[in-house]
Amino acid sequence: MGTFIIRRIVWTIPVILLVIFMTFVLMRQIAGNPFRTSERNVPEEIQRNLERKFGLDKPWYIQYVTYVKNVATFDLGPSLVLRNRDVNDIVREHFPRSLELGGLAFLFAFVVGILVGALSGLRANSALDYGAMFLSNVGYALPSFLVATLFIYFFALEWDLGFPTSGWTTWQSKVLPVIALGLAPMAAFARLVRGTMLETLQQDYIRTAKAKGLRWRRVVGLHVLRNSLIPVITAAGPTLGFLITGSFVIEQIFAIPGIGRYYVTAVTARDYSVVMGLTVLLAIIVILANLFVDIMYGILDPRTRDARA
Amino acid sequence: MVVNPREAPTPAIAGDVALLPSGAAGAPLRQSNLWRDALRRYSRNRAAVLAGSVFVLLLLFVLIFPFVSPYDSDKIDFALKAQGPSLSHPFGTDNFGRDLMTRTAVGGRVSMGIGFGATLAILLIGVAYGSISGFVGGRLDNGMMRLLDTLYGLPYLPFAIIVTAIFGNVTFWTMVVALSIVSWFTTARIVRGQIITLKENDYVRAARAVGARWYRVLGRHLLPNTLGVLIIAIFLELPGVILGEAILSFIGLGISPPDASWGQMANDGRTAYRIAPHIIAVPSIAIATLILCANFVADGLRDALDPRTKET
């Protein structure tokens, strides 16, 4: 087990280097250099000084190594547009809100999704099951911007239930964005849990447990649920991607000053160092989450240890 | 027996399937083949049939309606600004008084065009990558799969945004490129898995034994048999790509006006959602319908074309 975890952690290092490299290469393809924009006419000497200041006059591999070194020391570089701030400031200011939004949405999706999926699985083909699965399928297909707009339109305005239409301050202001962001992953969890539940219920050990006279409630709690939930853990990785994508939209609609919203602002302002820094940050978060998921999976299901290391 | 011409077997597949026993011994032989069986299995799944029909209707609406519509999708008339659904404008009008039904059809062409274009590109990349990895095997396969694992979980939206930024001006084709570059991983993995399973078949060994070159084994015996999973992959990838385009357009990083996609139309409706919620609702519901249908069609196709996955 120990070697599995160590091997898995060590393997993460080249992965992160590769992802930074890809982001780096992609960012370099964006036409022109940030200071040589057509809107601004910068004298040649100042231009050269600026490039020297930000290390843009060095060959690309030196720039890459410098960048990796900076990232390793948690320095994501300066902002090219806001002269007195660097990417770290922006992360420090905006990231906690995104983290809270994403974390609460994940919690909502996880708890409600497993509950709905488990109930549907246990009462397969009942009215409850059909209803829940219909709603899950619809919830999975609805674009997040429609869900968010409908929430604002009905819950905040038409019926006036006391939810603000935007912001991220009181708990009331957090309810709608969290549910809007968590709805699609919730639906995905529900469908997945229902499927694995149905599969687990067919297993011989469930029949054995029933045959030896175990009470049904105990069978479900001890055998069915536990074994059905293992695949759900694998779904946690893609869910994070879901949440990041969703946060771009949800933060925009609810005017939450988080990372997703700032990212879009930075792209529009062509603040490329911020775009790059935030991309690398998001990618590293996803990679670390996948690392965590893999290790959890290895602990819960020993068969996967060799294959996934 | 009614045979849909589209389901008629392609020669390569018929050859392989003819080896399968059809019908019990002694009973009159019922002519059967993979595609006819698949069609039968598919049509038993009522949800998938319904979803497939709605999908086709939506496709026809998008393709034909702009020709028969009495309105011009770009004609601005402020007298008709942001009207709700009525008899003359069944979906209402937008902020510029343009007929939303016509615009939904025209915008659907862009959304679905990008969707199918990117899906096709995803299939091409996926087949190339997956078949090389699966066919060559060994170390190369190992390395290629590791790379895929690395790329797999990455948040696709930031990378798609960067790719569109590289092109500067976002057009139909930059969108296709950006979306396919960030989402070909699943298909590549599916194709590779399929090739590896198929490689073990006796007919592949037989082909090798009679001296078939590698490209013949791959092109004649392996790739045609991945057709089933590729058809499933179309409907697995389409929703993600269409949603991705819609999200990019919605946050203001989509294709440049005057072209409008469903996401762009939803973005137009965002500012007016209090007085005219139908402007954002109509294109969003179109997207939702398309995605819902594609999901059910994919489910149905998986049961129909790849029944083995059900057994596990």
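Given the structure is predicted, the values throughout are model-derived calculations rather than measurements.

### Here's the deal with the overall build of chain B
Here is step 1 of the chain: Scanning chain B from terminus to terminus reveals 14 helices and 0 strands.
Here is step 2 of the chain: Going from the N terminus to the C terminus, chain B shows its helices and strands as α-α-α-α-α-α-α-α-α-α-α-α-α-α.
Here is step 3 of the chain: Counting every position in chain B, which comprises 312 residues, the buried fraction comes to 43%.
Here is step 4 of the chain: For chain B, the share of sequence-separated contacts (at least 6 apart) that also reach a separation of at least 24 residues comes to 68%.

### Digging into the overall build of chain A
Here is step 1 of the chain: For chain A, the helix and strand inventory stands at 12 helices and 0 strands.
Here is step 2 of the chain: Helices and strands appear in chain A in the N-to-C order α-α-α-α-α-α-α-α-α-α-α-α.
Here is step 3 of the chain: Seen through its principal axes, chain A has C-alpha atoms that stretch 85 × 60 × 30 Å.
Here is step 4 of the chain: Each of the 309 residues in chain A was classed as buried or not, and the buried ones make up 37%.
Here is step 5 of the chain: Taking as baseline every contact in chain A between residues at least 6 positions apart, the subset at least 24 positions apart corresponds to 73%.

### Here we look at the interface of chain B and chain A
For an interface, size is often stated in terms of accessible area lost upon the parts coming together.
Here is step 1 of the chain: Each partner contributes to the interface: chain B provides 32 residues, whereas chain A provides 35 residues.
Here is step 2 of the chain: Of all the elements in the fold, those that place two or more residues in the side of chain B that touches chain A are α6 (156-167), α11 (227-250) and α13 (278-305) of chain B.
Here is step 3 of the chain: When the residues that make up the side of chain B that touches chain A are grouped by side-chain class, the tally is 25 nonpolar, 6 polar and 1 charged.

### As for the confidence of the model for chain A
Here is step 1 of the chain: Taken residue by residue, chain A gives an average pLDDT of 80. The fraction at 70 or more is 93%.
Here is step 2 of the chain: Per-element confidence in chain A ranges from a low mean pLDDT of 54 for helix α12 (residues 305-308) of chain A to a high of 87 for helix α4 (residues 87-122) of chain A.

### Structural notes on the environment of I285 of chain A
Residue and element names in this part refer to chain A.
Here is step 1 of the chain: With respect to the secondary-structure elements, I285 resides in helix α11 (residues 272-300).
Here is step 2 of the chain: Overall, I285 belongs to the partly exposed group, with 17 C-beta atoms counted inside 10 Å.
Here is step 3 of the chain: The sequence separation of I285 and M27 amounts to 258 residues, and the corresponding C-alpha distance is 19 Å.

### Some details on α6 of chain B
Here is step 1 of the chain: End to end, α6 of chain B covers 17 Å across 12 residues, agreeing with the expected 16 Å (1.5 Å per residue, within 8%).
Here is step 2 of the chain: Taken residue by residue, α6 of chain B has Y156, L157, P158, F159, A160, I161, I162, V163, T164 and A165 of chain B as its buried positions.
Here is step 3 of the chain: Summarising the contacts, the buried residues of α6 of chain B are in contact with α1 (2-29), α9 (216-253), α10 (259-268) and α11 of chain A together with α7 (172-181) and α11 of chain B.
Here is step 4 of the chain: One or two positions beyond α6 of chain B, positive phi appears at G168 of chain B, with a value near 75 degrees.

### As for the packing of α6 of chain B against α7 of chain B
Residues and elements named next belong to chain B.
Here is step 1 of the chain: It is at 9 Å that the axes of α6 and α7 come closest, and there the two elements cross at 145 degrees. By crossing handedness, the relation of α6 to α7 is classed as right-handed. Taken together, the residues of α7 that come into contact with α6 (itself represented by A160, V163, T164 and F167) are T174, V177, A178, L179 and I181.
Here is step 2 of the chain: Along the lines of polarity and charge, the residues of the contact of α6 with α7 split into 7 nonpolar, 2 polar and no charged.

### Some thoughts on the packing of helix α8 (residues 185-199) of chain B against α11 of chain B
Residues and elements named next belong to chain B.
Here is step 1 of the chain: Two elements in contact, α8 and α11, have axes whose closest approach is 10 Å; the angle formed by their N-to-C orientations is 165 degrees. Judged by the inter-axis angle, α8 sits roughly antiparallel to α11. Relative to α11, α8 is oriented so that their crossing is right-handed. On the side of α8, the interface is formed by T186, T187, I190, V191 and Q194, while α11 contributes V229, A233, L236 and E237.
Here is step 2 of the chain: Tallied by class, the residues present in the contact of α8 with α11 amount to 5 nonpolar, 3 polar and 1 charged.

### Here's the deal with the confidence of the model for chain B
Here is step 1 of the chain: When pLDDT is averaged along chain B, the result is 80; 86% of the residues meet or exceed 70.
Here is step 2 of the chain: At the level of chain-chain contacts, confidence expressed as ipTM amounts to 0.80, with global pTM at 0.81.

### Observations concerning the environment of L119 of chain A
Residue and element names in this part refer to chain A.
Here is step 1 of the chain: Looking at the element boundaries, L119 is found in helix α4.
Here is step 2 of the chain: Classification of L119 as partly exposed rests on a count of 17 C-beta atoms within 10 Å.
Here is step 3 of the chain: C-alpha separation for the pair L119 and V193, spaced 74 residues apart in sequence, amounts to 9.5 Å.
Here is step 4 of the chain: Residues contacting L119, with those up to four places away along its chain left out, are L128 and A132.

### Examining the environment of Y61 of chain A
All names here are of chain A.
Here is step 1 of the chain: Take Y61: it is sitting in helix α3 (residues 60-72).
Here is step 2 of the chain: Here Y61 falls in the exposed class, since 9 other C-beta atoms lie within 10 Å of it.
Here is step 3 of the chain: Residues Y61 and I16 lie 45 residues apart in sequence; the distance between their C-alpha atoms is 16 Å.

### Points about unusual backbone geometry
Here is step 1 of the chain: Phi angles above zero are rare outside glycine, and A255 of chain A is one such case at about 50 degrees.
Here is step 2 of the chain: Relative to the helices and strands, A255 of chain A resides in the loop between α9 and α10.

### As for helix α3 (residues 46-68) of chain B
Residues and elements named next belong to chain B.
Here is step 1 of the chain: For α3, with 23 residues, the first-to-last C-alpha span of 31 Å sits near the 33 Å given by 1.5 Å per residue.
Here is step 2 of the chain: The sharpest bend along α3 reaches about 35 degrees and sits at V62, with the proline P66 one to four residues further on.
Here is step 3 of the chain: Among the residues making up α3, those that are buried are A48, A51, G52 and V62.
Here is step 4 of the chain: Tucked into the core, α3 has its buried residues touching α2 (34-44), α4 (100-136) and α13.

About the thresholds
- Residues numbered from 1 in each chain as written.
- Chains lettered and ligands numbered in written order.
- Predicted model: local features only at pLDDT ≥ 70, side-chain atom pairs only at ≥ 80, totals over all residues.
- Helix = DSSP H or I, 4+ residues; strand = E, 2+ residues; numbered from the N terminus.
- Buried ≥ 20, exposed ≤ 12 C-beta atoms within 10 Å, placed from the backbone.
- Contact = placed C-beta atoms within 7 Å.
- Nonpolar A, V, L, I, M, F, W, Y, C, P; charged D, E, K, R; others polar.
- pLDDT = per-residue confidence, 0-100.
- Expected span 1.5 Å × (residues − 1).
- Axes fitted to C-alpha atoms, helices over the stretch in contact; angles between N-to-C directions.
- Left-handed = near helix turned anticlockwise from the far one by under 90°.
- Parallel < 35°, antiparallel > 145°, perpendicular 65-115°, else oblique.
- Bend = angle between axes of the 7 residues up to and from the residue.

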